[in-house]
Amino acid sequence: NSSTPATLAGGGQIRASSPLTINASQNLNTSFTFTASNSADNGDDLTINALVQSTGSSVTLNAGDNLAVNAPVTSATVTATTRICQRNCFMLGEI
């Protein structure tokens, strides 16, 4: 879980082998990927509960099971990878 606001200058990724929840604003200057990796078990969920913003490039959201976007995700390009999201994909915030 990310609960501290972050400002990231370089591109990169956060990958979890279990659920990944973003609870604090993420301000990104380049491309960034958030991934809740897929496994045989349920619960590989990616939940966005706070602003995720890239001012310079793209944001990619990958979920093994469920994807819930409950807050704005903004950038030049936003990709929500549904081919990895095998069970339920919900977009409740702005994309």
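Residues numbered from 1 in each chain as written. Predicted model: local features only at pLDDT ≥ 70, side-chain atom pairs only at ≥ 80, totals over all residues. Heavy atoms only, no water.

**Some remarks on the overall build of the chain**
Link 1 in the chain: Across its full length, the chain holds zero helices and twelve strands.
Link 2 in the chain: Going residue by residue from the N terminus, the α and β elements of the chain occur as β-β-β-β-β-β-β-β-β-β-β-β.
Link 3 in the chain: Every one of the 95 residues in the chain was classed for burial, and the buried ones make up 39%.
Link 4 in the chain: Put simply, 32% of the contacts in the chain that link residues at least 6 apart link residues at least 24 apart.
Link 5 in the chain: Looking at the chain as shown, the accessible area adds up to about 4,700 Å², and 45% of this sits on carbon and sulfur atoms. (Helix = DSSP H or I, 4+ residues; strand = E, 2+ residues; numbered from the N terminus. Buried < 20%, exposed > 50% of the residue type's maximum accessible area, 1.4 Å probe, protein only. Contact = heavy atoms within 4.5 Å. Areas by Shrake-Rupley, 256 points an atom, 1.4 Å probe, with all protein chains shown as cover.)

**A look at the environment of S57**
Link 1 in the chain: Note that S57 resides in the loop between β7 (52-54) and β8 (58-63).
Link 2 in the chain: The exposure class of S57 is partly exposed, given its relative accessible area of 24%.
Link 3 in the chain: Taking the C-alpha atoms as reference, S57 lies 8.9 Å from G11; in sequence the two are 46 residues apart.
Link 4 in the chain: With residues near it in sequence (within four places) discarded, S57 still touches N29, T30, S31, S75, A76 and T77.

**Focus: the environment of A50**
Link 1 in the chain: Within the secondary structure layout, A50 lies in the loop between β6 (46-48) and β7.
Link 2 in the chain: The class of A50 is buried, set by a relative accessible area of 9%.
Link 3 in the chain: As for A50 and I22, which are separated by 28 residues in sequence, their C-alpha atoms are 6.4 Å apart.
Link 4 in the chain: Residues contacting A50, with those up to four places away along its chain left out, are I22, N23, A24, S25, A71 and P72.

**Side note on the side chain of T47**
Link 1 in the chain: Along the chain, T47 turns up in strand β6.
Link 2 in the chain: Not counting residues within four places of it along the chain, the set of residues in contact with T47 comprises L20, T21, I22, A68 and N70.

**Observations concerning the confidence of the model for the chain**
Link 1 in the chain: Here the chain averages 78 in pLDDT, while 71% of its residues score no lower than 70.
Link 2 in the chain: Per-element mean pLDDT across the chain ranges from 58 in strand β12 (residues 88-91) up to 95 in strand β3 (residues 20-22). (pLDDT = per-residue confidence, 0-100.)

**Points about the environment of N42**
Link 1 in the chain: As for its position among the elements, N42 is in the loop between β5 (32-36) and β6.
Link 2 in the chain: When the C-alpha atoms of N42 and N66 are compared, they prove to be 9.0 Å apart, with 24 residues separating the residues in sequence.

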